[in-house]
Amino acid sequence: MVNNVKSVLIDLSGTLHIDNTVIPGAVDALNKLRNTNLLIKFVTNTTKESKNVLHSRLTKLGFNITKEEIFSSLAAAREIVKTRKLNPLYLIEDDAMEDFKDLIDSTNQFNAVMVGLAPSKFDYIHLNEAFRLLMNGASLIAIHEGRYYKKSDGLAIGPGAFVKGLEYSSDVKAEVIGKPTSGFFKAALGTFLPEEAIMIGDDVNDDIAGAQAVGIKGFLVKTGKYQSGDENKIEPAPTKVCDSFTEAVDIIIHHYLN
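Given the structure is predicted, the values throughout are model-derived calculations rather than measurements. Along each chain, residues carry numbers from 1 onward, in the same order as the chain's sequence is written. Restriction of local features to residues with pLDDT of at least 70 applies here, the model being predicted, together with a cutoff of 80 or more for giving and counting side-chain atom pairs; totals for whole chains, interfaces and linings are based on all residues. Side-chain metrics rest on all non-hydrogen atoms present in the structure, leaving aside hydrogens and water.

Note the cis peptide between Lys179 and Pro180, where omega equals 15 degrees. The secondary structure listing takes helices from DSSP runs of H or I that are at least 4 residues long and strands from runs of E that are at least 2 residues long, numbered from the N terminus. Relative to the assigned elements, Pro180 resides in the loop between β11 (175–176) and α6 (182–189). In this structure, the amide linkage connecting Glu235 to the following residue, Pro236, adopts the cis form with an omega of 0 degrees. With respect to the helices and strands, Pro236 occurs in the loop between β13 (217–221) and β14 (240–242). Residue Lys85 is not a glycine yet carries a positive backbone phi of 55 degrees. Locating Lys85 in the fold gives a position in the loop between α3 (73–84) and β6 (88–91). A positive phi angle, near 60 degrees, is found at Asp171, a position not held by glycine. With respect to the helices and strands, the residue Asp171 is situated in the loop between α5 (160–170) and β11.

Below, the structure is given as structure tokens:
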């Protein structure tokens, strides 16, 4: 089965690692994938930490990844803040603020609310401040609307519930930046065509359905946030369902490159 696959987009959390634990076989599988001529890019909705912090974590875990290969929803959000000259109230974790520190304007009023995964900010005081800004005309930007994610101690609620709560209370519709939006995937592809790419991820909606909606093949892995039967929740179904990233890489090498 020879295909014109030229690029592989890879999710991070839940696909290669969970917190500071590597998914078994993921490091070796990534090294094997690097021995091909495929362009590799890591696409992530992670908003708990800046690109520098994230890259440091991944290299300490043993992954051969450069910062330039990481395409994050934080980077896409930063570009929007910069180009639109926004001054948001950031509901994101302090470790992620490094990516925005040169754009912060403490001398003017907030004109937007930006929401990422921020467990330390999802309290009544912060959310009510955001609500009042929205009621006064601020725009609402969701770096992503993830429903839940996988931590070392189990599943945890994502930022989507808080975004939806703000939408409901303020009657302001959020603009979503990261996966599963078509704009995010098209930007990640760069000059490559969707049919030339494969997306590997553990989230059937954000990773797989989002990618397949623009024509990218979707490989769902049964690690991270995967729940039994996830592959039956979207139409069309995932291109492939794999036990792990290791199996996904083996399928790509043996069935899509030879």
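Next comes the rest of the write-up.
On to the pattern of salt bridges, then. For side chains of opposite charge, pairing can occur when their charged atoms come near one another. Salt bridge, as used here, is a side-chain nitrogen of Lys or Arg placed within 4 Å of a carboxyl oxygen of Asp or Glu. In total, this model carries 14 salt bridges according to the counting rule given. The residue Lys6 makes a salt bridge to Glu196 at a minimum N-O spacing of 3.3 Å. In this pair, Lys6 is assigned in the segment before β1 (7–10) and Glu196 in the loop between α6 and β12 (197–201), connecting sequence segments 190 residues apart. For Glu196, a relative accessible area of 9% gives the class buried. Lys121 is the partner of Asp94 in a salt bridge, and the nearest nitrogen-oxygen pair spans 3.5 Å. Pair noted here: Asp94 is in the loop between β6 and β7 (112–115) and Lys121 is in the loop between β7 and α4 (124–135), with a separation of 27 residues, a long-range link. Classification of residues uses two cut-offs on accessible area relative to the type maximum, computed with a 1.4 Å probe and protein chains only: under 20% is buried, over 50% is exposed, and between them is partly exposed. Taking relative accessible area as the criterion, Asp94 reaches 58% and is therefore assigned exposed. Residue class for Lys121 comes out buried when judged on its relative accessible area of 13%.

It is worth spelling out the layout of surface pockets at this point. Approximately 490 Å³ is the volume found for the largest pocket. Put plainly, a pocket is an open set of points on a 1 Å grid over the protein atoms alone with protein on both sides within 12 Å along at least five of seven lines, a cavity is a set where a 1.4 Å probe fits but cannot get out, and a lining residue has an atom within 4 Å of a point. Contributing to the lining of the largest pocket are 29 residues, with Ser13, Asn45, Thr46, Leu117 and Tyr149 lying nearest its centre. Mapped by element, the contributors of at least two residues to the lining of the largest pocket are β9 (148–151) and α7 (204–213). Among the elements that make up the lining of the largest pocket, the one with the highest residue count is β9 (three residues). Amino acids outside the nonpolar list (Ala, Val, Leu, Ile, Met, Phe, Trp, Tyr, Cys, Pro) and the charged list (Asp, Glu, Lys, Arg) are all regarded as polar, and Gly is one of them. In terms of residue class, the lining of the largest pocket is made up of four nonpolar, ten polar and 15 charged. Grid points are joined across faces, edges and corners, and a volume is the space filled by probe spheres set on the points.

For the pair α4 and α5, the least separation of the axes is 10 Å and the interaxial angle reads 45 degrees. Taken together, α4 and α5 sit at an angle that is classed as oblique. When you trace α4 past α5, the crossing you get is right-handed. Residues Leu127, Ala130, Phe131, Leu134 and Met135 of α4 form the contact with α5, whose participating residues are Phe162, Leu166, Ser169 and Ser170. Residues of the contact of α4 with α5, tallied by class, amount to seven nonpolar, two polar and no charged. Axis lines are fitted to C-alpha atoms, over the contacting stretch for helices. Their N-to-C directions set the angle, which ranges from 0 to 180 degrees. The labels follow the angle: roughly parallel below 35 degrees, roughly antiparallel above 145, roughly perpendicular from 65 to 115, and oblique for the rest. What makes a crossing left-handed is the near helix being turned counterclockwise from the far one by less than a right angle; a clockwise turn instead makes it right-handed. Any two residues whose heavy atoms approach within 4.5 Å are treated as being in contact.

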